[in-house]
Amino acid sequence: MEGFPILTTMLLVPLIAAIACFFVNAQTARLLALGATLIDLALGIALWLAYDIGGAQWQFTEVADVFAGFEYRLGIDGIALMLIMLSVFLMPICILASWDAISKRVGEYMAAFLIMETLMIGVFAAQDLFLFYIFFEAGLIPMYLIIGIWGGADRIYASFKFFLYTLIGSVLMLVAMLWMVNVAGTSYIPTLMQYDFAPEAQTWLWLAFFASFAVKVPMWPVHTWLPAAHVQAPTAGSVILAGVLLKLGGYGFIRFSLPMFPEASAQFVPLIFVLSVIAVIYTSLVALVQEDMKKLIAYSSVAHMAIVTAALFAFNVQGLEGAMVMMLSHGLVSGALFLCVGVIYDRLHTREISRYGGLAINMPRYALFFLLFTMASIGLPGTSGFIAEFLSLTGTYQVSSTVTLFLTTGIILGAGYMLYLYRRVVFGVQVHEDAAAMTDLNAREWAILAPIAAAVLWMGVYPESFLAPMRADIAALEARLARAAPAGDAHLNAGEPRAEAANALAGEHEGEGEH
Amino acid sequence: MHPILIIVFAPLLAAIVAGLTNKSAPSVFAKGITTGALFLSAALSWPIFLGFLSGSQEATVVPVLQWVQSGTMDFDWALRVDALTAVMLVVINTVSALVHLYSWGYMEEDPDQPRFFAYLSLFTFAMLMLVTADNLVQMFFGWEGVGLASYLLIGFWFKKPSANAAAIKAFVVNRVGDLGFMLGIFGTFLVFGTVSIPEILGAAPAMSGSTIGAFGYRFYTMDILCILLFIGAMGKSAQLGLHTWLPDAMEGPTPVSALIHAATMVTAGVFMVCRLSPMFETAPTALAIVTFIGAATCLFAATVGTTQWDIKRVIAYSTCSQLGYMFFAAGVGAYGVAMFHLFTHAFFKALLFLGAGSVIHAMHHEQDMRYYGGLRKKIPITFWAMLAGTLAITGVGVLGFFGFAGFYSKDAILEAAFARGTEVSNFAFWAGAFAALLTSFYSWRLMFLTFWGKPRWAESEHIQHAVHHGHDDSEHGNPPVQEDAGDDVAHHVPSPDHADGTAGYHPHESPWSMLVPLIVLTVGAIFAGYVFKYPFIDGSTEGVDPNGFWGNSIYFNEGLIHALHDVPLWVKLTATVVMLLGFAIAWMAYIRDTSIPAKAAKQLGPVYDFLFNKWYFDELYNTIFVKPAFWIGRKFWKIIDIGVIDRFGPDGAAWVVMQGSGAAKRFQSGYLYSYALVMLLGIVAAITWVLL
């Protein structure tokens, strides 16, 4: 592996395949896309295996001078590694999920996905601020196209909403980046992560970055683009949107806002907490009343990502690791839930919950997978969702028990809307003949759901595989944040043991009172 | 390899194999492999329990796999085996094995048997993980695992809307408790820096007297932690306030009610308090709350139990009430006594449920006791088994001679509450004594309505269906209506040909697969109290011994146990007196003059309605939680998301742009290019900036 530019290779493979896709017929484009994404998955696995846990913070670094001050610099730490793994894992699944569902302009569609893969990997691997910016912003263009061309009836409005929110955020972020590079004299991200900006400047920089990341996450109240985009996007588009694109916001916070502006981050903890609490309760209640499956899952995504933002700003190891696991877990689980919707959408062409019912009878295997992902979504121990929720909330509790109380109500509301969804789709009697006639999972659908199910259980039972690569990076981040970390609300005071110790009998001190 | 590994993982493997093969193999495969695994686990559990009784077994922890390490938080998968675990092992595995066997007969005509047996074994695995947990998080894993199995089994007949509603209710109400449990774990980690149970219990006494801020108030540290954890216990063990799911859970098949909603899962809360007893002992306020909630539940559920018509619901409220006894026993510090009642209750309550199942089986799915009567001679083995269960639950026995299981455990609870001598424990004593009267009344009411009197079968819709369509016209296999509550049965058509009230129906005794478990449990209901009273209550057979049977597995209050034995004679006789009183009232009302109940109900009017409608808890919760949640959700969505955020956000921006350009079309198709343009300009600006 020594010296082999594996990251660049991972960027180039899908890019070359994407170009080729424009010139071949539909079936060849599908096979080409699948092949390219599988090669990237294999490279990703090699990357993970070769990653030296406990070694250098930045590994697989590549440098090439482009021109004055502008450098092509790649390199990953454990956090980036895990998010790259998530991306390369979901991509072949997305290609397979689109196999039959997409029939028009297949070459262009596959090319859009492949280009997006290149850009997603680029975002997580970029070590130069401007390189990051290019990948970060350009990554959204294929997504607009996927929604706008292959989306549902209302796709223009949805992609417009998506565009509008994102645009405002990115302009502000760009201005902040220019200022930072000017002051710090470098665009090298690892150096910037150690650079101490003046606290007053941090506030403005933090807000500028926040404008961009909050939209991506998305945080309340800039979340309304997400349900619209999900509903209109094709299944695979939703998977990537929920699985990877939403993680860009969380990644932004953990890579930029927290290490580069610790003081400002601490200053804005109340803002983040309040918005997160509102998001959890508000969107969970909204999810409860949705009639459209995709909208319901989209709103649940907002609630889950709110746990991520709150946990990140807990400034401690459990919170940071919990937020990371939540991003990975949510990427898998909500992706899988959208795939589950896609499976029945492909058969009946409606997302309306009431058009289904009683699927446990004619689709028992589907019901089993859907159950597993529903349980993972509501954080059942043994699935990835629990580790995510548990670590995140352990982290926030150390800062604020009150905030954690509100965030934890999400486990009640989450159970409510997910089980209510599951009941209406899978349980009950078969009301509609066409829904009752649907066939169970075919081999292709097995192949896309089973790997995610395995990953969800793996992360739930033995999360060490995922925590270990990130451990040193999280510890370093926590050390950097320590100086600004907010005090908790516990204020534990030692005291004398209490006089009315519970184990003493009431009558004991006065002698045998009863006789 | 330690046998505990087989005990715990055999049911899991069986569940996976049975669940994945499902219908691709004959159902006898799934039934055989799960039942076999459970009998194996049960057979391996008893030697461990007997080993602790004889003192030859040492407490041990068997590591399995690393689980989570995050900063200073560190916990693994591991199986803890001590005396407390051993008690639970025999209870869980014995009842589960018998329920598996019983289900061969009870579920025989159901087409989904592999799924049913897989769920049962999965449940057992989760329950075993709960009781062998060495840290709070693994306990929570088991806690949620049994919750999942309970959800799946309550909703097993998933075509029934009522079963689906009950399943969701059970899960969501339990989640309210879990909220407390989770916050309790977070708080415990914050205070002690660990989630390992032995380490927490070791460090707890030093924290007594310390105070902590939480949720904007200041509390005694140990009080708030224990209260939060107890909220979790309240959910799982259906204590007052979070009890509403348990009666509805009777929608599940009856073997499920016996295993999960009587003998094992619902006792998890009691187990948790006992497991953490050294911690609760440092939290006097929390213990007072445990005592109060337990006593209040015990009384509340017993009052409701006296008015219900559905045989399973009577037993469900009875379970709720008995769990209240266990909690206030723990609350007053008599953890061994609480576990003793848990142990005996598992046998006699599983027996009563399985007996009820046998009655329901014989009566063609009729569950309404108004349509029973005179079954004593028709199903004699079931009758004798249920009689033993009734004698056990009502606590029949003669002081110093012999008593049925409940005689020893329930009396010890009342004595402990009396001996404790605090205000709240006195309340518990009187509440418990009155509840014992009601227990005796509703238990005998159930027996008299079911087995004595003349048959009243003719008016039952189920029986009419059986008579008219032939007995073999099975309703099994997910029919739209099955085991329904019977309250809404409106067909009161007395059959003219059969004036004896039987409508020509002939109830049959259940098959042997169902009767064998009944007989085994009958033995337990008769002897479990007499045989095990010394080790459970006193710690040993040679007098009160804090280092005896329990070892370090629970907090053993030696002084309280001495005091318990020294209570005045009238206290010791109270339980027996109220038991006889309850029997006498039931006999008067349901044997001697059967017009009394209707007259009493009429006379009591509102009080009767209040009890019959379960104190209107469901109506209250619907009004203040469920409906508002949907209403608010709809308002948030329509008014805030669409009406405010979108209107003034993207839609407003679009409007402004359109006003400005007047060319909506061009704008809409051009947005992508403008975005790319902005981005490009940004890059150019960046390069320029850097170059300058």
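Keep in mind it's a predicted model, so treat the numbers as computed, not measured.

*Asks:* Could you clarify how one ought to interpret the nonpolar core in this entry?
*Replies:* Most often, soluble globular proteins have nonpolar side chains that are buried together. With 465 residues, the main nonpolar core has Phe373(A) and Tyr151(B) as its most contacted residues. Non-local contacts of Tyr151(B), meaning those with residues more than four positions away in its chain, are made with Leu371(A), Met375(A), Leu419(A), Tyr422(A), Phe427(A), Ala167(B), Ile168(B) and Phe171(B).

*Asks:* Please explain the pairing of strand S4 (residues 217-220) of chain B as it appears in this structure.
*Replies:* Bridging between strand S3 (residues 211-214) of chain B and S4(B) involves 4 bridges; their strand directions are antiparallel. What sits directly across from Gly213(B), in S4(B), is Arg218(B).

*Asks:* How should I be thinking about the packing of aromatic side chains in this particular structure?
*Replies:* The geometry of two aromatic rings is summed up by the distance between their centres and the angle between their planes. All names here are of chain A. Per the counting criterion, the structure on display carries 96 aromatic pairs over all chains. Their ring planes at 85° and their centres at 6.0 Å tell us that Trp206 and Phe313 sit as a pair that is edge-to-face. Placement of the pair is Trp206 in helix H9 (residues 199-216) and Phe313 in the loop between helix H14 (293-312) and helix H15 (317-348), with a sequence separation of 107 residues. Under the relative-accessibility criterion, Trp206 is labelled buried at 0%. When the ring of Tyr422 is compared with that of Phe427, the centres are 5.2 Å apart and the planes differ by 85°; the resulting orientation is edge-to-face. In this structure, Tyr422 and Phe427 share a single accessibility class: buried. A cation over an aromatic ring shows up here: Arg424 above the ring of Tyr420, its NZ or CZ 3.8 Å from the ring centre.

*Asks:* Teacher, can you tell me more about the interface of chain A and chain B here?
*Replies:* Often the size quoted for an interface is simply the accessible area lost on bringing the parts together. Each partner contributes residues to the interface: chain A has 103 residues there, and chain B has 103 residues. Of the roughly 8,900 Å² buried where chain A meets chain B, counting both sides, 72% is carbon and sulfur surface. When residues of chain A are sorted by the area they lose upon contact with chain B, Phe390(A), Tyr397(A) and Arg498(A) head the list and together hold 9% of the total. Summed over the shared surface of chain A and chain B, the result is 0 salt bridges. In this assembly, chain A and chain B are joined by 16 residue pairs in polar contact (both at pLDDT 80 or more). In terms of residue count, helix H7 (residues 155-184) of chain A provides more of the side of chain A that touches chain B than any other element does, 15 residues in total. Looking at the side of chain A that touches chain B, its residues break down into 66 nonpolar, 25 polar and 12 charged.

*Asks:* It is not clear to me how helix H18 (residues 384-399) of chain A should be interpreted in this structure. Could you clarify?
*Replies:* Along an α-helix, residues three or four apart share an orientation, since each turn contains 3.6 residues. An ideal rise of 1.5 Å per residue puts 22 Å on 16 residues; H18(A) measures up with 24 Å between its terminal C-alpha atoms. With 15 of 16 residues buried, H18(A) is to be regarded as a mostly interior element.

*Asks:* Whenever I open this one, the pattern of salt bridges confuses me. Can you help?
*Replies:* A side chain with one charge can pair with a side chain of the opposite charge if their charged atoms come near. As enumerated under the stated definition, the model contains 21 salt bridges over all chains in all. One salt bridge in this structure joins Arg483(A) and Glu263(A), with 2.6 Å as the shortest N-O distance. Of this pair, Arg483(A) sits in the segment after helix H22 (464-481) while Glu263(A) sits in helix H12 (residues 262-267), and the two are 220 residues apart along the sequence. For Glu263(A), a relative accessible area of 27% gives the class partly exposed. The salt bridge partner of Asp112(B) is Arg115(B), with a shortest N-O separation of 3.4 Å. Here the salt bridges share partners, and the residues they tie into one network are Asp196(A), Glu263(A), Arg480(A) and Arg483(A).

*Asks:* Please clarify how helix H4 (residues 106-125) of chain A should be interpreted in this entry.
*Replies:* Look at H4(A): 29 Å from first C-alpha to last across 20 residues, which is about the 28 Å you get at 1.5 Å a residue. In terms of residue burial, H4(A) counts as a mostly covered element, since 18 of its 20 residues are buried.

*Asks:* Mind showing me how you'd approach the pairing of strand S2 (residues 73-81) of chain B here?
*Replies:* Residues and elements named next belong to chain B. Extensive coverage of S2 is indicated by the burial of 7 of its 9 residues. Two strands pair when backbone bridges link them, and strand S1 (residues 60-70) and S2 are joined in this way by 9 bridges, in the antiparallel orientation. Bridge pairing links Val61 to Arg80 in S2. Between S1 and S2, which pair antiparallel in sequence order, lie 2 residues; one of them, Gly71, sits at a positive phi of approximately 60°.

The rules behind these values
Residues numbered from 1 in each chain as written. Chains lettered and ligands numbered in written order. Predicted model: local features only at pLDDT ≥ 70, side-chain atom pairs only at ≥ 80, totals over all residues. Heavy atoms only, no water. Core = buried A, V, L, I, M, F, W, Y, C linked by side-chain atoms within 4.5 Å. Buried < 20%, exposed > 50% of the residue type's maximum accessible area, 1.4 Å probe, protein only. Contact = heavy atoms within 4.5 Å. Pairing = 2+ DSSP bridges. Helix = DSSP H or I, 4+ residues; strand = E, 2+ residues; numbered from the N terminus. Phe/Tyr/Trp six-rings, centres within 6.5 Å; stacked < 30°, edge-to-face > 60°. Lys NZ or Arg CZ within 6 Å of the ring centre and 35° of its normal. Buried area = accessible area lost by both parts, 1.4 Å probe. Salt bridge = Lys/Arg side-chain N within 4 Å of Asp/Glu carboxyl O. Polar contact = N/O pair within 3.5 Å; in protein donor to acceptor, adjacent residues only side chain to side chain. Nonpolar A, V, L, I, M, F, W, Y, C, P; charged D, E, K, R; others polar. Expected span 1.5 Å × (residues − 1).

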